[in-house]
Amino acid sequence: MRVEKKQIEKEYYKIVLVNIQMDEYKILKGPEEEQILTRVLQDDYHSTKYEKMLQLLAWELVEKEYREDFCSIFSLKNICKEFQNGKAFIKYSYLRNIKEEKQMVHTRVYPRTIQGEELKEFMIYVTV
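Only a predicted model underlies this, so the values are computations on that prediction, with no experimental measurement involved.

Undergrad: Summarise the pairing of strand β2 (residues 24-29); cite the residues concerned and give the values.
TA: Relative to β2, strand β1 (residues 12-19) is paired through 5 bridges, and the arrangement is antiparallel. Residue Val18 lies in a different strand from β2, and its bridge partner there is Tyr25. Joining the antiparallel neighbours β1 and β2 is a turn of 4 residues, in which Asp23 adopts a positive phi near 55°.

Undergrad: How would you explain the pairing of β1 if you had to name every residue and give the values?
TA: Counted residue by residue, β1 has 7 buried out of 8 residues, so it is predominantly covered. Bridging between β1 and strand β5 (residues 118-127) involves 7 bridges; their strand directions are antiparallel. Bridging from a neighbouring strand, Leu17 pairs with Met123 of β5.

Undergrad: So, the environment of Lys52: which residues are in play, and what are the values?
TA: Within the element layout of this structure, Lys52 appears in helix α2 (residues 49-60). What makes Lys52 buried here is its relative accessible area of 17%. Once the C-alpha coordinates of Lys52 and Thr38 are considered, the two residues, 14 residues apart in sequence, prove to be 9.3 Å apart.

Undergrad: Before we move on, can you summarise the pattern of salt bridges with the specific residues and values?
TA: The tally for this structure, following the rule as stated, stands at 8 salt bridges. Note that Glu11 and Lys29 form a salt bridge whose closest N and O atoms lie 2.6 Å from each other. In this pair, Glu11 sits in the segment before β1 while Lys29 sits in strand β2, placing the two residues 18 residues apart along the sequence. Note on Lys29: relative accessible area 31%, which makes it partly exposed. The salt bridge partner of Glu118 is Lys120, with a shortest N-O separation of 3.5 Å. For Lys120, a relative accessible area of 11% puts it in the buried group. Through salt bridges with shared partners, one network takes in Lys14, Glu34 and Arg96.

What counts, and where the lines are drawn
Residues numbered from 1 in each chain as written. Predicted model: local features only at pLDDT ≥ 70, side-chain atom pairs only at ≥ 80, totals over all residues. Heavy atoms only, no water. Pairing = 2+ DSSP bridges. Helix = DSSP H or I, 4+ residues; strand = E, 2+ residues; numbered from the N terminus. Buried < 20%, exposed > 50% of the residue type's maximum accessible area, 1.4 Å probe, protein only. Salt bridge = Lys/Arg side-chain N within 4 Å of Asp/Glu carboxyl O.

Next up, the structure:
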């Protein structure tokens, strides 16, 4: 009799590395259309690539009733504050469009690099 192991690992819809110091937003795994967007985002003095991508995702993919919380919880200011206050991760679940279908997704943000008390990099993991 052969026993098959159940897959315990979560299947990630999207994995992102954000480097605050270098102003990088790298999708390590995720939808092609979002990867294309990250390549065309231009630098400017008013906001980072992360902040621009956050706004684009909020207005294009996140359902209206979740947008305000989405932008607030995942703002760069809030993420830095939460990790400086010792939080291990930030999580939020919301409804978004995936392949023209509304689905509930679960997002967790983890610090990756902290120097002194300053957050340098963080990772974002999204599951469906």
